[in-house]
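# Observations on the three-dimensional arrangement
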Amino acid sequence: QDEPRLVRMIGRPHKASPRSILHTYVWQYEAPFDRHDWYVDRGDGTEPRRYVIDFYGTDGPRLWNSRSNNSGGGGPPSMYMDVRL
């Protein structure tokens, strides 16, 4: 059995995932600023699996009108990643 490895990555910043559409248009959350599809060979002899990753600023999906949870203390920017198969 081999170690897992990234087979390919596709950046799709302008293509919304079904889950981000639900967050944005139904639950009124801010839209993610980026999306990647990662294809990972898990090293177990099965086909590579696709992982959909939505990138959100601050601490995750939040309401349009709510304040950011980022402390603004000059540290590195925070980011939330929603990852799923």
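Residues numbered from 1 in each chain as written. Predicted model: local features only at pLDDT ≥ 70, side-chain atom pairs only at ≥ 80, totals over all residues. Heavy atoms only, no water.

Broken down by element type, the chain carries one helix and four strands. The helix and strand sequence of the chain, counted from the amino end, reads β-α-β-β-β. For the chain, the proportion of contacts with a sequence separation of at least 24, taken over those separated by at least 6, is 58%. Carbon and sulfur atoms provide 52% of the accessible area of the chain, an area that totals close to 6200 Å². (Helix = DSSP H or I, 4+ residues; strand = E, 2+ residues; numbered from the N terminus. Contact = heavy atoms within 4.5 Å. Areas by Shrake-Rupley, 256 points an atom, 1.4 Å probe, with all protein chains shown as cover.)

Leaving glycine out, the prevailing phi sign among residues is negative, and the prevailing peptide bond configuration is trans. A positive phi angle, close to 65°, is found at Gln-28, a residue other than glycine. With respect to the secondary-structure elements, Gln-28 resides in the loop between α1 (18-26) and β2 (34-41).

Strand order in the open sheet formed by four strands is β1-β2-β3-β4, with antiparallel pairing between adjacent strands. Of all strands in the sheet, those bounded by a partner on one side alone are β1 (5-11) and β4 (79-84). Within the sheet, the average angular offset between the axes of one strand and its neighbour, ignoring direction, is 25°. Bridge analysis of β1 against β2 gives six bridges, and the strand direction is antiparallel. If you follow Leu-6 over to β2, its bridge partner there is Val-40. (Pairing = 2+ DSSP bridges. Axes fitted to C-alpha atoms, helices over the stretch in contact; angles between N-to-C directions.)

Here Phe-33 lies in the loop between α1 and β2. For the pair Phe-33 and His-14, spaced 19 residues apart in sequence, the C-alpha to C-alpha distance is 8.7 Å. Excluding residues that lie within four positions of it along the chain, Phe-33 makes contacts with Phe-55, Tyr-56, Gly-57 and Met-79.

Let us look at the pattern of salt bridges. Taken as a whole and assessed by the stated rule, the structure comprises six salt bridges. With a shortest N-O distance of 3.1 Å, Arg-19 and Asp-82 are connected by a salt bridge. Of this pair, Arg-19 sits in helix α1 while Asp-82 sits in strand β4, and the two are 63 residues apart along the sequence. What makes Arg-19 partly exposed here is its relative accessible area of 37%. One salt bridge in this structure joins Arg-42 and Asp-44, with 4.0 Å as the shortest N-O distance. Note on Asp-44: relative accessible area 37%, which makes it partly exposed. Taken together, the shared-partner salt bridges connect Arg-12, Arg-35, Asp-37 and Arg-50 into one network. (Salt bridge = Lys/Arg side-chain N within 4 Å of Asp/Glu carboxyl O. Buried < 20%, exposed > 50% of the residue type's maximum accessible area, 1.4 Å probe, protein only.)

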